[in-house]
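Close look at the chain arrangement
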Amino acid sequence: GRYVGKGNVDVTARPGLGGSLNGWYGQMKHRGRPMTYRTAQRSTYRNLNQNLGTLSYRIAQLTNQIASERRINTPSDDPAGASKVLGIRSNLSSIAQYSTNIAVSDQWLTTSGNSLQSIKETLDQLYVKAEQGATDTYSAEQRKIIADDVNTMFQSLIQFADAKIGDSYIFGGQQISTQPFSLK
């Protein structure tokens, strides 16, 4: 290339003459007179070595990114990007926990709703049996049959009230591992 600098100096760089590896030679013109200069071999080698090291490091980074299929493998690759990734991971973890909580809550609500519906239906049947037994139109034997039915329905109420999800009693309050109701 050709460079024009201050003080009326033209610099034209060209590779070493005759295939020589002794460095780069250039020709300067200072006030119209040609001057030859030589770039020191040590500085050329140092620059080449530094550039090769930088390129090798960058190739290793790119190879690592390709192998892992990730642009950011360590926080030092992109500190701002790593911060965003951590924030996104935290949000995804929170969303997964919310989904789990919703599924568990839905299961508890469904089971408790079904148990309460069964309890209501049984109480309605008990009300009918109580009205039947309270009248004088039934004989003692029929009242005994009603009493047996009431006893069976009462046991059903206890079973509905002791509903479980896994090992947890849904109507146990804070003591979900203890059976809340039992017949003595």
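From a predicted model like this one, the values you see are computed outputs, not experimental measurements. (Residues numbered from 1 in each chain as written. Predicted model: local features only at pLDDT ≥ 70, side-chain atom pairs only at ≥ 80, totals over all residues. Heavy atoms only, no water.)

**Here's the deal with the environment of Gln117**
Relative to the elements of secondary structure, Gln117 occurs in helix H2 (residues 79–134). In the structure, Gln117 is positioned 43 residues away from Phe160 in sequence and 9.4 Å away in space, judged by C-alpha atoms. (Helix = DSSP H or I, 4+ residues; strand = E, 2+ residues; numbered from the N terminus.)

**Remarks on the pattern of salt bridges**
For the coordinates displayed, the defined rule picks out five salt bridges. Asp124 is paired through a salt bridge with Lys120; the nearest N and O atoms lie 2.9 Å apart. Of this pair, Asp124 and Lys120 are both found in helix H2, four residues apart, which corresponds to roughly one turn of the helix. With a closest N to O distance of 3.8 Å, Arg143 and Asp136 form a salt bridge. Asp136 gets classed as exposed once you look at its relative accessible area, which sits at 74%. (Salt bridge = Lys/Arg side-chain N within 4 Å of Asp/Glu carboxyl O. Buried < 20%, exposed > 50% of the residue type's maximum accessible area, 1.4 Å probe, protein only.)

**As for the side chain of Thr122**
For Thr122, the position within the fold is in helix H2. Residue class for Thr122 comes out buried when judged on its relative accessible area of 8%. With sequence-adjacent residues up to four places away left out, Thr122 is seen in contact with Met153, Leu157 and Phe160. (Contact = heavy atoms within 4.5 Å.)

**Things to note about a nonpolar patch on the surface**
Among the surface-exposed residues, Ile88, Leu92, Ile95, Tyr98 and Ile102 lie close enough to one another that they form a single nonpolar patch of about 570 Å² accessible area. By secondary structure assignment, the location of Ile88 is in helix H2. (Patch = residues over 30% accessible without salt bridge, like charges linked within 9 Å, V, L, I, M, F, W, Y side chains within 5 Å. Areas by Shrake-Rupley, 256 points an atom, 1.4 Å probe, with all protein chains shown as cover.)

**Points about unusual backbone geometry**
Although it is not a glycine, Glu69 sits at a positive phi angle of roughly 60°. You can see Glu69 is positioned in the loop between helix H1 (41–68) and H2. For Glu69, a relative accessible area of 74% corresponds to the exposed category.

**Here we look at H1**
Here H1 spans 40 Å end to end across 28 residues, near enough to the 40 Å set by a 1.5 Å rise per residue. Following H1 by one or two positions, Glu69 has its phi on the positive side, about 60°. (Expected span 1.5 Å × (residues − 1).)

**Some remarks on the layout of surface pockets**
Gaps left between atoms show up when a probe the size of a water molecule is rolled over them. There is about 190 Å³ of room inside the largest pocket. Residue lining of the largest pocket: Arg70, Ile72, Asn73, Thr74, Pro75, Ala82, Val85, Leu86 and Arg89, and that is the complete set. Of the residues contributing to the lining of the largest pocket, the split by class is five nonpolar, two polar and two charged. (1 Å grid on protein atoms, 1.4 Å probe; cavity = no way out; pocket = protein on both sides within 12 Å on 5 of 7 lines; lining within 4 Å. Points joined across faces, edges and corners; volume = space filled by probe spheres on them. Nonpolar A, V, L, I, M, F, W, Y, C, P; charged D, E, K, R; others polar.)

**Here's the deal with the side chain of Ser168**
Mapped onto the elements, Ser168 comes out in strand S6 (residues 168–169). According to the relative accessible area criterion, Ser168 is buried, its value standing at 16%.

**Quick word on the packing of H2 against helix H3 (residues 140–161)**
At a closest axis distance of 10 Å, the pairing of H2 and H3 adopts a crossing angle of 165°. Accordingly, the angle class assigned to the pair H2 and H3 is roughly antiparallel. In this structure, the crossing between H2 and H3 has a hand that is left-handed. Counting all contacts with H2, which are made through Ser115, Ser118, Ile119, Thr122, Leu123, Gln125, Leu126, Lys129, Gln132 and Gly133, the residues of H3 involved are Arg143, Ile146, Asp149, Val150, Met153, Leu157, Phe160 and Ala161. A breakdown of the residues in the contact of H2 with H3 according to their chemical character gives nine nonpolar, six polar and three charged. (Axes fitted to C-alpha atoms, helices over the stretch in contact; angles between N-to-C directions. Parallel < 35°, antiparallel > 145°, perpendicular 65-115°, else oblique. Left-handed = near helix turned anticlockwise from the far one by under 90°.)

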